[in-house]
Structures are given as C-alpha cells and as structure tokens.
Amino acid sequence: MKKQYKMKNLLTMVPLLALAALFILLPILSMIKQSFTMPETGVFTLENYKAIFTDSVYRVATGNSLYLSLISTVIGLILSFLIAYSVNELGQKGQGRILSMLNMVSNFVGLPLYFAFVVILGNTGIFVLALKAIGFELATVFKLYSMEGLMLIFIYFQIPLGSLMLVPAFQAIRPAWKEAAELMEASPLQFWTRVGIPVMLPSLLDTFALLFANAITAYATVLLLVTTSIPLLPVKITTMFTGEMTPQREMGSTLAIWMIVIMLAVIGICNLLKKMLYKGGSDA
C-alpha cells in the first residue's frame, strides 16, 4: 500500500518535472554548451568566460548589478522587517487586508511600474513639477533615469516581497518570551537584538537570498527605464539574444551562466550561514 501511495505521488509530480525539464533544465544545459563555444568556428573555447573578466563592459555590468542588488536587498530587508513587524502587531482582520495589498503590490512590476515612476518622478512628473512650482529643482539632487533612479525602483519592488516572506517568520517569536523579557526589565531593543532577531535569522537569510535573486535577475523595468545606457547583466543578456545588432548567443549564454553562478554563490553563502547557526544552536 505504501509503495502504491508513493507511486501515485510520483505520478502527480510528472507534469511539474516535465515543465522543469523543458523550461529550466534543457535551457540551462543549452546555455552551458553555448557558453563554451567559439562563435565563428563552433569549437570549444574559454575565451567567452575570459572576456567577462577582461572586457570593461562586462566588468562594469557585473559591478553595477552587484551594487544595485546588494544595496537594494539590504535596504529592502530592513524596511520589510519593520513593515512585517507592524503587520504582525495588527489583528487577524487587519493582517489579511495588508497581506492582500502587499501581494497585489508585489506583482506591480514591468511596464506598469515603469509608467508609474515616470508619471511621478519623470522629467515632467507630478512630483517633479510640484517641487518646481515651489522653487525646488529635484533634478539637481535626483534623476530617475540614472543609477539613483534604478536603486529607488529596486528598493520599491523588494519591499512587498520581503514583507510577505517575513510576516510568517514573526510567528516564531513567542509572546511568553516578550513577557519574560519585560519581567527582567529588558528594553524592546535588547529583546530584539538578543532574542528576536537571532531566532528569526534563518528566515532573514532566506529572505535576503530571495531578494538578491529577485534583484539581480530583474530586467523589464530596467530595460524600459534606461535601455542600454547603464550596463547591467540582465540587460546585456537580453540585448545579445534579441537586440537589433547581430545576435551574440554564445556571449549571452556565458553572461547568463555567470549571473546564475553569482546568484547561486549568494544563496550558498546564506545556506552555509544557516547551517552554522543550526550547528551552533545544537551544540549549545
């Protein structure tokens, strides 16, 4: 009976496994093969990977992507933590409403997000014109079509996703712990730095990894906002496959694999830190 039950469970997973093979595994294997191929001759080569570290365009694209992803992830994680804490303090009814709104906002990306920011903070945006009317030129300190503008957009779409991830994590904080801390006359800051955040650290690391992956692979809004004026890995990859110039699929595949390696490295570091935390907790 148990074997039959397991076989039925495996059969139900066949469609998912087939989709994963068709749309994840096979494309990755194809990109790996192309990344080691010389465009002109089709022979094996390492020149594509060498170009990532020697060509200034690819090095700048990598640096820009890492800068935007890391900074927006850290800021987004901090703001998400504060929002999730506030949501957790609400009643059940209030939590449901806020979570529904966060879920809706987390899907507000791509063209709608680009259009919203242009209408508000573009060269003739509502907020820009309103400040200009009172004698303040926002363009002197902030420009939407720049790295600062991209950073603001990245932080914006990190917050709802991070908040949705962290709201359930606050349920691990038991009310009895807070009561014990209050009886011992510990301040809220002491409770969160010594008890709350250490308990939630695995969830925070998982959220950090997810937000970083979400940021480093974002390209739709970026492509609409700055096109190719600011080199970023996803934009470079997209233009090499679908750009107006001659497609450079081999180099595009190499950059895609490089981006995946960076993403997996960050995820691996977060998982390693989690294992160290669990090991330290078990030794204690």
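Before reading on, note that the structure itself is shown above.
Quick summary incoming for the structure in this document. (Residues numbered from 1 in each chain as written. Predicted model: local features only at pLDDT ≥ 70, side-chain atom pairs only at ≥ 80, totals over all residues. Heavy atoms only, no water.)

### Things to note about the packing of helix α6 (residues 111-121) against helix α8 (residues 147-166)
Link 1 in the chain: It is the contact of α6 with α8, at a shortest axis distance of 12 Å, that shows an interaxial angle of 125 degrees. The orientation of α6 with respect to α8, classified from their angle, is oblique. For the crossing formed where α6 meets α8, the hand is right-handed. Taking contact as the criterion, the partners of L113, F117 and L121 in α6 are, on α8, L152, I153, Y156 and F157.
Link 2 in the chain: Taken together, the residues that form the contact of α6 with α8 break down as 7 nonpolar, no polar and no charged. (Axes fitted to C-alpha atoms, helices over the stretch in contact; angles between N-to-C directions. Helix = DSSP H or I, 4+ residues; strand = E, 2+ residues; numbered from the N terminus. Parallel < 35°, antiparallel > 145°, perpendicular 65-115°, else oblique. Left-handed = near helix turned anticlockwise from the far one by under 90°. Contact = heavy atoms within 4.5 Å. Nonpolar A, V, L, I, M, F, W, Y, C, P; charged D, E, K, R; others polar.)

### Examining the packing of aromatic side chains
Link 1 in the chain: Tallying each qualifying case throughout the model produces 11 aromatic pairs.
Link 2 in the chain: Between F36 and Y49, the ring centres sit 4.9 Å apart and the planes meet at 40 degrees, which makes this aromatic pair tilted. With a gap of 13 residues between them, F36 in the loop between α2 (14-35) and α3 (47-54) and Y49 in helix α3 connect regions that are remote in the sequence.
Link 3 in the chain: Seen from their ring centres, F154 and F157 are 5.1 Å apart, and the 45 degrees between their planes marks the pair as tilted. With a gap of 3 residues between them, F154 and F157 both fall in helix α8, about one helical turn apart.
Link 4 in the chain: For F154, a relative accessible area of 3% puts it in the buried group.
Link 5 in the chain: For F157, a relative accessible area of 9% gives the class buried. (Phe/Tyr/Trp six-rings, centres within 6.5 Å; stacked < 30°, edge-to-face > 60°. Buried < 20%, exposed > 50% of the residue type's maximum accessible area, 1.4 Å probe, protein only.)

### Looking at the side chain of T207
Link 1 in the chain: Within the fold, T207 resides in helix α10 (residues 188-216).
Link 2 in the chain: At 2.8 Å, the side chain of T207 forms a polar contact with the backbone oxygen of S203. (Polar contact = N/O pair within 3.5 Å; in protein donor to acceptor, adjacent residues only side chain to side chain.)

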